[in-house]
Amino acid sequence: MVVKRRFFGRNKKSENILPQLVKTSPPPSPSIENSLFVPDNDYESDEDNVNEKESELIVVDRPDIKSPPTVSNKSIRQELFETQLTSIIGHVSLKHLHYLYKKYDIPNNQSHSLKLAINEYLNGISSNDMDEFYAKEDIKSESTTNKSSVKRSFNQLSFPSQSKPQPEIKPEPIISTPTTTIQEPTWKRFIGSLDVQAWATRPTLRPLNYQQSLQLRRLVPKNSSILNSSIIRIFHNDREIGRIPEDLTRILSPLIDFNFISFEVIVLESTLRRLSIGDSFLIHINIYVNNIAFDYKDDDVDVKKSLDSISPIPKKAKFNNFNFSTESKNESILRLRQFAISKLFDKLGIRPLKTSPSSIVNAESIDTEFEDSNDLPDSQTINLDSDDDGEVVEIEDDENETTGVDEVNLDQLKQFYQQNNESNLLNSLPDTTTPPPDNFKLDLRPYQKIGLSWMILREGEPSVLKKLSNDAYNDDDIGNSQDNDGIMNPLWRKYKWPENIEDKSGNDSSEQHIPYFYANLYNGELSLEKPIIKTTKTGGILADEMGLGKTISTLALINSIPYDLSNEFTSSITLSQDSSFNVNKPYASKTTLIIVPMSLLTQWKNEFDKANNNPNHYCQIYYGNNNNNLIHTLIHHSPNKIPVVILTTYGTIQNEYIKLKNTKSSQNVYDSKTGIYAVNYFRIILDEGHNIRNRNTKTAKSIYELYSKKKWILTGTPIINKLDDLYSLIKFLKLEPWSNFSYWKTFITLPFEQKQFSQALDIIKSILDPILLRRTKDMKQADGKPLIELPEKEIVIEQIKFNQTELKLYNWLKSRANKTFKEGLKTGQILRQYTQILTHILRLRQVCCHMDLVGGPSEMDEEEQQQKDQEKSSLFVDDDDESDTKTFLSGVKQSQELQQKADYFANDTEVRETMYKLYSKVDLIDSECSICTTSPISLGELVVTPCGHSFCVTCLMEHIEFQTTNPVNTNGHDSLCPNCRFSISKYKLFRLRNNKTVTSKDIKFHTRAQTEQDGNDPSKDYTFQLYLYNPDKVSSKIQALFNHLKFLKEQSPQEKVIVFSQFSSYLDIIESELKLQLGEFEFRILKFDGRLSMQDREKVLIKFNEPSLNKFTVLLLSLKSGGVGLNLTQASRAYMMDPWWSPSIEDQAIDRIHRIGQNNTVKVVRFIMENSIEIKMLKIQERKKQIGEAVGVEEEERRKRRIEEIKILFEE
Amino acid sequence: MATLPKRIIKETERLVSDPVPGITASPSDDNLRYFEVTIDGPSLSPYANGKFQLELYLPDEYPMCAPKVRFLTKIYHPNIDKLGRICLDVLKDNWSPALQIRTILLSIQALLGAPNPDDPLANDVAQEWKQDEQKAISVAKEWTEKYAVSKD
């Protein structure tokens, strides 16, 4: 015997491990189910005995649950056989079942075969036996069973002890049927029926007849409790005759215990003869739900409370010797009920009506939906391998648990925000709500008034709203409709009562006519009424988009309800009832604590003062240093000096929190008698509430410890990147039960991680809908106008002509590029030469910007760079390329010099002589440009002709250009000095630079190397230095930009503008040119690009947003690093120096200034070189706009498009 | 640039606030580049006592090119034709951006004081001026009386 048993031995270790495994792995399996609901206590102890006896035995195998044979292959006979077998000997592993079936299934003599099978099983099945059998079987027929996997596995927990008889076979310990002790149900309603195969546990005297009525009774063994027994017997006339499958008893017994259901049992098929033990017979069970199941309704989502109130039975003294085991009584009851209800629904084929919890389903869809599942109850047969959809949801508590990787992607966020946008509640709120003018003197926009109405309602003060909105708010209308249309608790599902075809109960109570009921399969609650999420009205989240006036809305709320209205009468009661209140602290019933980021502190103070109209109210800033006074200030203030608002920062709170933690380690923070923690507040408002989004930070923890009656969060971005960001906000708001992290994790984080996005988002939506108000700038008001109208946006393309040098270089580069391109086309190897072509294209684009970019260490755009890296193997870009370019450039100049010698100084000596004479003629202070009448001309602008006259460089260049292109009368000379008609040339002009500010690097950049200083140089006597101006070095584009800037500066000297370019090196050139030409005295030049550190970036932005102090501010912004996120509404003008391939990048850049907060018309100038590659880039942009960006496109397609684009670039 | 260059604004302001004696120039309400100009005939000239109406327009290129000026009042002058067009070098080839409205109008006033029949625009007038200067001057006076002196 023992030898045979060895194969079924287990070791203790595995037994110890298993229960843990079970707890942490929700996915259901028969064995797990067993382990959770172990049938009987004595059962277990037996096993332990066996185990001890056999502990020396070697473990052979762990049970393998998923192994074959599969269900689908089973014949009905086999199923019947197996269910019968398991009903007698408990759980048997599938392999054994299969084996026994194969071996003992003898047609037409089921009871005999069953007996034989049981005998063999109880004697133990050895692997040898099985192998032998299967070997024979193989010869007989093709077996689908995999021999090797059939070996020796079995389920330990249900392992029956053969040394003891089955407990079912001796029902002596039964002491009572619990149902008798419980109140009688007032009504019951049919919910479904089951056809079940039952087995006789005792011989019957005569055969059972069709339609014969039987009873089901719950039996509890003496030494067991109802919680861990699940024995149900079939009775006939108070005589036990049989049993039903165990999996069913496990479901039904708790429900019987709770008196949730009652039964009608009839015999489905007459038996031919009287039954002996083990004989099977078919019964039909009609199941009715008692009203008690509905009466034990929990308080909506507040599952916590339900845990306390759910246990109906324990109140009876009879059952007070519970076996508490590891889980608490309430937990077991909850779990049992949840398990039983969900399994019952599963068995009965009761499916929820398919509704998203938020949408209201119309009648038709309900009906059709139900019809689909309607057939199921009748045809439902008991199946051991039933799936376990409604498995217990494991709830783990885990402060230490790391947050999941539930990064929210952009689309999900969009969807989320979109959903919250759609709330139609807002339309029903009055837009006439005005805070009392005695307190508040600003005007609100209509949507802000709606927001105020909402906030007042969220604080549960409809009467205030009624008053302030001039009775536009009607309690009855809105209040009720709100409740009726409330959002169904997402944990609940709606069901339709099934029709009882054979209903004989004749119960005609009104409940019988309600077509639907609701069930929460997460905890097994049932309800006849729609479970609406009721939230306590103590605040919420105002998540209006930036710029819509969250601050002012909040101040309006504070001024509308400055004090706790109920305080005078019920403060003590309220305090003791409200769990979020610390009773031991004084209550600052007239104070709102506003916590803001440091940078916004003064802004809030100013806003408060601007809005406040009540001389008795004031706002105090709390820095944490006046600890002792605060409590005095807040509680014992005089009636005409009420601190309605205390402003403080997150940092202050956090510091105080840390200090308290350190000094009074034994005490809780909220016991503090001083400082910010010393009082309960009427209201706490978190500005930029996403500061506490990480619940583990000190900031968040310090905020959680503050107590108040009302709580508000202001944030434009409730979710930054994780759904869990939201949790912290919920926790602060103490929104039960979600503020319990277990709930959050179970219902939101986990489903989200398991990619059940819509489920998680649905729940979030139902949580947030009542407490979150979000309006975006695109939302329309009732009259169809947008909430915020952004000012106009004008985008102008300014085409610029190349100057001669630029044109020559451009054409030269273009011909080279064309050559490469055509070669590529001819050989069909355009892809191999892709890199080279891209380089050519880049060169062309650079010439359009500034010639110095060509061949310089200019950054390529990333994609090109990548491309280059990828194709490095096939790279054959000639290394001479750059030097070629330079050679060409100098060649261009030389040829020009030869052609137009008269326009140039003959030699350096002439340059120097002329220049030195001019020093005395320059009068910076009294200089006036006779062309534009500017006086004095700024140093960087000034240009001196050889005849000694000073002009603005742009004016004079324009003049020379005009005269050259319109040669009216120049006597052989191109241009004349406007003042003295002396012949001038643009190559013979001198410019000035400040001796102090200009670095030698800048000088070299602008002078030709020959004009080095010598002893005669009088510049040391002057504050400035003259140098020969080289107009060819100047980029036409930069010149055009400067013309714009100068012109703009004349009109509004304090304007702030942004100059975008994708080339950082171009920004460098523009910067130094700006310094040289426009001067730093009137122009403030800032630069922001990818090379800056985060701190420097911030500095630049702060500087940019500072008042400009009579300076014209130019921000040079790299398209890539500054294109996103920044808010630069201080500027209303932008200049795009060069086009980018993708139009959306440029649009995004423009959106930096064209966004909420922008009050002026936005003007954007895009500089494009005439007849250049830039024009073609515009075409490609256009094309991209039409066919869409290549975001979701395959690499292959992407390349194809690129080639097409290149073709566009090269077509003439 | 649709907006007015600063120079034009400056010039206009100065013309209004600090007018040249004998010359008025005021911009039109609907086009600030268009000026209504009156020039008093210089005393000791045949045009004395006359108030001559002119129109002046600043082209977009101004100050790179000269303003366009024309007499509206009929005038008998060898350098001004029947259409009121003026033959003056600074309005043509000798324009320099350093010149201004003010200087141009002064030049025109000076032209009234010193007709130059050797560089005529109205050839018939120049002819008569050369043949019989006295008669020409009296005709000029007559025309001035007739067209340029206000009757009230």
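Just so we're clear, the structure is a prediction, and the values are computed from it rather than from any experiment.

About the criteria used
- Residues numbered from 1 in each chain as written.
- Chains lettered and ligands numbered in written order.
- Predicted model: local features only at pLDDT ≥ 70, side-chain atom pairs only at ≥ 80, totals over all residues.
- Helix = DSSP H or I, 4+ residues; strand = E, 2+ residues; numbered from the N terminus.
- Contact = placed C-beta atoms within 7 Å.
- Buried ≥ 20, exposed ≤ 12 C-beta atoms within 10 Å, placed from the backbone.
- Pairing = 2+ DSSP bridges.
- Axes fitted to C-alpha atoms, helices over the stretch in contact; angles between N-to-C directions.
- Nonpolar A, V, L, I, M, F, W, Y, C, P; charged D, E, K, R; others polar.
- Core = buried A, V, L, I, M, F, W, Y, C linked by C-beta atoms within 7 Å.
- Parallel < 35°, antiparallel > 145°, perpendicular 65-115°, else oblique.
- Left-handed = near helix turned anticlockwise from the far one by under 90°.
- pLDDT = per-residue confidence, 0-100.

Participant: Give a detailed account of the overall build of chain A, specifying residues and quantitative values.
Facilitator: Scanning chain A from terminus to terminus reveals 42 helices and 29 strands. When contacts within chain A are restricted to residue pairs at least 6 apart in sequence, long-range pairs at least 24 apart make up 78% of them.

Participant: Requested: an account of the overall build of chain B, with residues and values cited.
Facilitator: A tally of helices and strands in chain B yields 4 helices and 4 strands. Going through the 152 residues of chain B one by one, you find that 34% of them count as buried.

Participant: Summarise the environment of Ile771 of chain A; cite the residues concerned and give the values.
Facilitator: Within the fold, Ile771 of chain A resides in helix 28 (residues 757–771). Since 23 C-beta atoms lie within 10 Å of it, Ile771 of chain A is described here as buried.

Participant: Summarise the sheet that holds strand 9 (residues 516–520) of chain A; cite the residues concerned and give the values.
Facilitator: Residues and elements named next belong to chain A. Read from one edge to the other, the open sheet built from 3 strands follows the order 8-9-10, with strand pairing classed as antiparallel. The sheet is open, and its two edges are formed by strand 8 (492–496) and strand 10 (525–527), each paired on a single side. Averaged over neighbouring strand pairs, the angle between their axes works out to 25° when direction is ignored. Where strand 9 and strand 10 come together, 3 bridges link them in antiparallel fashion. Bridging from a neighbouring strand, Tyr518 pairs with Ser527 of strand 10.

Participant: I'd like to hear about the interface of chain B and chain A, residue by residue, with values.
Facilitator: As a measure of interface size, the accessible area lost when the parts come together is often cited. The partner chain A presents 15 residues to the 13 residues of chain B that form the contact. Taken together, the residues of the side of chain B that touches chain A sort by class into 6 nonpolar, 2 polar and 5 charged.

Participant: Before we move on, could you go through the nonpolar core and cite the residues and values that matter?
Facilitator: Here is a general trend for soluble globular proteins: nonpolar side chains tend to be buried in one another's company. Leu686 and Ile764 of chain A are the most contacted members of the largest nonpolar core, which totals 82 residues. Counting residues in hydrophobic clusters, the runner-up holds 65 residues, among them Ala817, Leu1074, Val1100 and Leu1117 of chain A.

Participant: Any chance you could break down the sheet that holds strand 1 (residues 23–27) of chain B for me, citing the residues and the numbers?
Facilitator: Residues and elements named next belong to chain B. With respect to topology, 4 strands assemble into an open sheet ordered 1-2-3-4, the strand pairing being antiparallel. Each edge of the open sheet is held by one strand with a lone partner, namely strand 1 and strand 4 (68–71). Geometrically, the sheet is characterised by an average inter-axis angle of 20° between neighbouring strands, direction not taken into account.

Participant: Could you give an account of the pairing of strand 3 (residues 51–57) of chain B, naming the residues involved and the relevant values?
Facilitator: Residue and element names in this part refer to chain B. Of the strand pairs in this sheet, strand 2 (residues 34–40) and strand 3 are connected by 7 bridges, and their pairing is antiparallel. Within strand 3, the position partnered with Asp40 by the bridge is Lys51. Summarising the sheet, strand 3 and strand 4 pair through 4 bridges and their orientation is antiparallel. What sits directly across from Leu56, in strand 4, is Val69.

Participant: I'd like to hear about the packing of helix 20 (residues 550–560) of chain A against helix 22 (residues 601–611) of chain A, residue by residue, with values.
Facilitator: All names here are of chain A. The interhelical angle for the contact between helix 20 and helix 22, taken along N-to-C directions, is 50°, at an axis separation of 10 Å. Judged by the inter-axis angle, helix 20 sits oblique to helix 22. For the pair helix 20 and helix 22, the crossing hand works out as right-handed. When helix 20 is examined against helix 22, the residues Thr551, Ile552, Leu555 and Asn559 are found in contact with a partner set consisting of Trp604, Glu607, Phe608 and Ala611. Of the residues belonging to the contact of helix 20 with helix 22, the class tally is 5 nonpolar, 2 polar and 1 charged.

Participant: Explain the confidence of the model for chain B residue by residue, including any values.
Facilitator: Residues and elements named next belong to chain B. Per-residue pLDDT for chain B has a mean of 87; in total, 97% of the residues score no lower than 70. Looking at the elements of chain B, mean pLDDT is at its lowest for helix 3 (residues 123–131), recorded as 86, and at its highest for strand 4, recorded as 93. Here the predicted complex scores 0.46 on pTM and 0.87 on ipTM.

Participant: Now, about unusual backbone geometry: what can you tell me, with residues and values included?
Facilitator: Working note: non-glycine residues mostly have negative phi, and peptide bonds are mostly trans. Between Tyr62 of chain B and the following residue, Pro63 of chain B, the backbone shows a cis peptide bond with an omega angle of 5°. For Pro63 of chain B, the location among the structural elements is in the loop between strand 3 and strand 4. Even without glycine at this site, Thr933 of chain A takes up a positive phi of about 65°. Residue placement: Thr933 of chain A occurs in the loop between helix 33 (908–918) and strand 19 (942–944). Its 21 C-beta neighbours within 10 Å are what place Thr933 of chain A among the buried residues. We note that Arg981 of chain A has phi near 60°; this positive angle belongs to a residue other than glycine. The topology assignment puts Arg981 of chain A in the loop between strand 21 (975–976) and strand 22 (983–984). Look at Arg981 of chain A and you get partly exposed, because 16 C-beta atoms sit within 10 Å.

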